[in-house]
Amino acid sequence: MPSNESVKRNLKLIQDDPSKVLGLTVGKKHMPKPGDYIPRADAQSAPSISYAGLDSSRSYIVVCLDIDAPFRSFDVLGPILHWIQPGFAAAQGSAELNSTAPFVVDYIGPAPPPGAAPHRYCFFLYEQPAGFDGKQYAPPNGQKMSNWSRMRCSLDAWEKKLGLGAVVAVNYFTSN
């Protein structure tokens, strides 16, 4: 299993400090609480992201992982990388974040195997490093990342590779 100390540390962050909970709107459900259940069918499109108080002159990047693949008690394939999206920005005075930047890793929705308990889909918001060029980390020509390449993802390694600092906000939902 890849090293993922930052996953544990960042999930603990929202237990200790509720102000660090990232706003997610998944389908039609705005979920203020970490761990809310979202049916698989409702989470097949990338969620809307929000977080109050961000610097409108900065850009942000979101990383999403399924930390329970294929089963919570047998997570040998996990975490599974579900999304890396750079270029999020907030309009002055708004908590809503929008991005028109090309993805680094395209979003895939929940797909736990039959019989699996709900998986946790974790979203980590970081300030994007100055001069960040997502194209150098993405598959060529806007291609989607293969499922094989998403398995056994290390958030620690991606943080280092992308030059990310401390997480700004975190949230997760469960789905199966």
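Residues numbered from 1 in each chain as written. Predicted model: local features only at pLDDT ≥ 70, side-chain atom pairs only at ≥ 80, totals over all residues. Heavy atoms only, no water.

**Some details on the overall build of the chain**
Next up, step 1: Of regular secondary structure, the chain possesses three helices and eight strands.
Next up, step 2: Along the chain, helices (α) and strands (β) appear in the sequence α-β-β-β-β-β-β-β-α-α-β when read from the amino end.
Next up, step 3: In summary, the chain has a C-alpha radius of gyration of 15 Å against a globular reference of 16 Å for 176 residues, a match within 12%.
Next up, step 4: Judged by the C-alpha coordinates and their principal axes, the chain covers about 45 × 35 × 30 Å.
Next up, step 5: Considering only residue pairs separated by 6 or more positions, the chain has 77% of its internal contacts joining residues 24 or more positions apart.
Next up, step 6: Surface accessibility of the chain: about 8800 Å² in total, with carbon and sulfur atoms responsible for 52%. (Helix = DSSP H or I, 4+ residues; strand = E, 2+ residues; numbered from the N terminus. Rg over C-alpha atoms; globule rule 2.2 N^0.38 Å. Contact = heavy atoms within 4.5 Å. Areas by Shrake-Rupley, 256 points an atom, 1.4 Å probe, with all protein chains shown as cover.)

**Considering the nonpolar core**
Next up, step 1: Counting 25 residues, the largest nonpolar core has Leu-65, Leu-81, Ile-84, Phe-124, Tyr-126, Trp-158 and Leu-162 as its most contacted members.
Next up, step 2: Breaking this core down by element, the ones donating at least two residues are helix 1 (5–16), strand 4 (60–66), strand 5 (80–90), strand 7 (119–127), helix 3 (155–162) and strand 8 (167–175).
Next up, step 3: Residues in contact with Ile-84, not counting those within four places in the same chain, are Ile-61, Val-62, Val-63, Phe-103, Val-104, Val-105, Trp-158 and Leu-162.
Next up, step 4: Grouped together as the second largest cluster of nonpolar side chains are 23 residues, Ile-38, Ala-43, Leu-125 and Val-168 included. (Core = buried A, V, L, I, M, F, W, Y, C linked by side-chain atoms within 4.5 Å. Buried < 20%, exposed > 50% of the residue type's maximum accessible area, 1.4 Å probe, protein only.)

**A look at the sheet that holds strand 1 (residues 23–26)**
Next up, step 1: Within the open sheet, the eight strands sit side by side as 2-1-3-6-5-4-7-8. Their pairing is antiparallel. Where the open sheet ends on each side, the last strands, each with one partner, are strand 2 (29–31) and strand 8. For this sheet, the mean angle separating the axes of adjacent strands, direction not counted, is 30°.
Next up, step 2: As judged from the three bridges shared by strand 1 and strand 3 (residues 48–50), these two strands associate in the antiparallel manner. In the sheet register, Leu-24 faces strand 3, and the bridge partner there is Ile-49.
Next up, step 3: Helix 1 contacts strand 4, strand 7 and strand 8 of the sheet and is inclined by roughly 90° relative to strand 8. (Pairing = 2+ DSSP bridges. Axes fitted to C-alpha atoms, helices over the stretch in contact; angles between N-to-C directions.)

**Description of the pattern of salt bridges**
Pairs can form between side chains of opposite charge whenever their charged atoms are close.
Next up, step 1: Across all of its chains, the model carries eight salt bridges by this definition.
Next up, step 2: Note that Glu-127 and Arg-58 form a salt bridge whose closest N and O atoms lie 3.4 Å from each other. One end of the pair, Glu-127, is in strand 7; the other, Arg-58, is in the loop between strand 3 and strand 4, with 69 residues separating them in the sequence.
Next up, step 3: Between Asp-68 and Arg-120 there is a salt bridge, and its shortest N-O distance comes to 2.6 Å. (Salt bridge = Lys/Arg side-chain N within 4 Å of Asp/Glu carboxyl O.)

**What to know about the packing of aromatic side chains**
Each aromatic ring pair is characterised by the separation of its centres together with the angle its planes make.
Next up, step 1: Tallied over the entire structure, the rule returns six aromatic pairs.
Next up, step 2: Ring geometry for Trp-83 against Phe-88: centres 6.0 Å apart, planes inclined by 90°, an arrangement best described as edge-to-face. One exposure class covers both Trp-83 and Phe-88, and it is buried.
Next up, step 3: Ring-pair connections join several aromatic residues into one group, and the members of that group are Trp-83, Phe-88, Tyr-107, Tyr-121, Phe-123 and Phe-173.
Next up, step 4: Over the ring of Trp-158 we find Lys-161; its NZ or CZ atom is 4.6 Å from the centre of that ring. (Phe/Tyr/Trp six-rings, centres within 6.5 Å; stacked < 30°, edge-to-face > 60°. Lys NZ or Arg CZ within 6 Å of the ring centre and 35° of its normal.)

**Describing helix 3**
Next up, step 1: Within helix 3 the residues assigned to the buried category are Leu-155, Asp-156, Trp-158, Glu-159 and Leu-162. Relative to the axis of helix 3, the buried residues are bounded by an arc of 165° and lie together on one face.
Next up, step 2: Those residues of helix 3 that are buried are in contact with helix 1, strand 4, strand 5 and strand 7.
Next up, step 3: After helix 3 finishes, the residue Gly-163 shows a positive phi value of roughly 75°. (Arc of directions from axis to C-beta.)

**Looking at the pairing of strand 1**
Next up, step 1: Here three bridges tie strand 1 to strand 2, and the two strands are oriented antiparallel to one another. In the strand pairing of strand 2, Val-26 is matched with Lys-29.
Next up, step 2: The loop that links strand 1 with its antiparallel partner strand 2 comprises two residues; one of these, Gly-27, has a positive phi angle of about 60°.

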